[in-house]
Amino acid sequence: MAALALSAVFSLAHAQHNDKETKEDIQRHRAMAAAHENAAKCLESGKKDEVCEKELQAACKGLAVGKYCGMKHVH
């Protein structure tokens, strides 16, 4: 039931976007994905989590809500 309600909300939100807004959303998602990929590469390089997190925050400034660029996970 909850999944159906959530699906309806997303469908309604998508229906309210015009083509320009949809394209802008796509660009934001790609920019956030690139920022997260760069954060992963930063961590792989051996840099400290705090350094990579600051780089992620800088890359995502103005893109996503919150200091984790739209995503937060358990450590």
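Going by the structure above, here's the rest.
Right, let's walk through the structure included here. Each chain has its residues counted from 1, following the order in which its sequence is written. Where local features are concerned, this predicted model is filtered to residues with pLDDT of at least 70; where side-chain atom pairs are given and counted, the filter is 80 or more; whole-chain, interface and lining totals use all residues. The basis for the side-chain values is all heavy atoms of the structure; hydrogens and waters are excluded.

Before going further, it helps to spend a moment on the environment of Leu 63. Along the polypeptide, Leu 63 turns up in the segment after helix 3 (49-60). In sequence terms Leu 63 and Ala 31 are 32 residues apart; their C-alpha atoms lie 7.8 Å from each other. Numbered from the N terminus, helices here are DSSP runs of H or I no shorter than four residues, and strands are runs of E no shorter than two.

Turning our eyes to something else, we now look at the state of the cysteines. The term disulfide is used for any two cysteine sulfur atoms that are within 2.5 Å. Counting across every chain of the model gives two disulfides. Put simply, Cys 42 and Cys 52 are joined by a disulfide, and their sulfur atoms are 2.1 Å apart. Across the disulfide from Cys 42 to Cys 52, rotation about the S-S bond amounts to roughly -85°, and the bridge is consequently left-handed. Residue Cys 42 is found in helix 2 (residues 19-44), and its partner Cys 52 is found in helix 3; the two are separated by 10 residues along the sequence. The pair formed by Cys 42 and Cys 52 is uniform in burial state, with each residue classed as buried. With its bonded cysteines labelled in order along the sequence, the chain shows the pairing 1-2, 3-4. The cut-offs for exposure are 20% and 50% of the maximum accessible area for each residue type, with area from a 1.4 Å probe on protein chains only; residues under the lower value are buried, those over the upper are exposed, and the others partly exposed.

Across its 12 residues, helix 3 extends 16 Å between first and last C-alpha, which sits within 8% of the 16 Å expected from 1.5 Å per residue. Among the residues of helix 3, those classed as buried are Cys 52, Leu 56 and Cys 60. All buried residues of helix 3 project into a common sector of 65° when viewed along the axis, lining one side. Counted as exposed and oriented over 90 degrees from the buried face of helix 3: Glu 50, Lys 54 and Ala 58. Lining the buried residues of helix 3 we find helix 2. In the segment just after helix 3, Gly 62 is the residue with positive phi, at about 85°. For a helix, the expected span equals 1.5 Å multiplied by the residue count minus one. Here, the arc refers to the directions that run from the helix axis to the C-beta atoms. Here, two residues are considered to be in contact whenever any of their heavy atoms come within 4.5 Å of each other.

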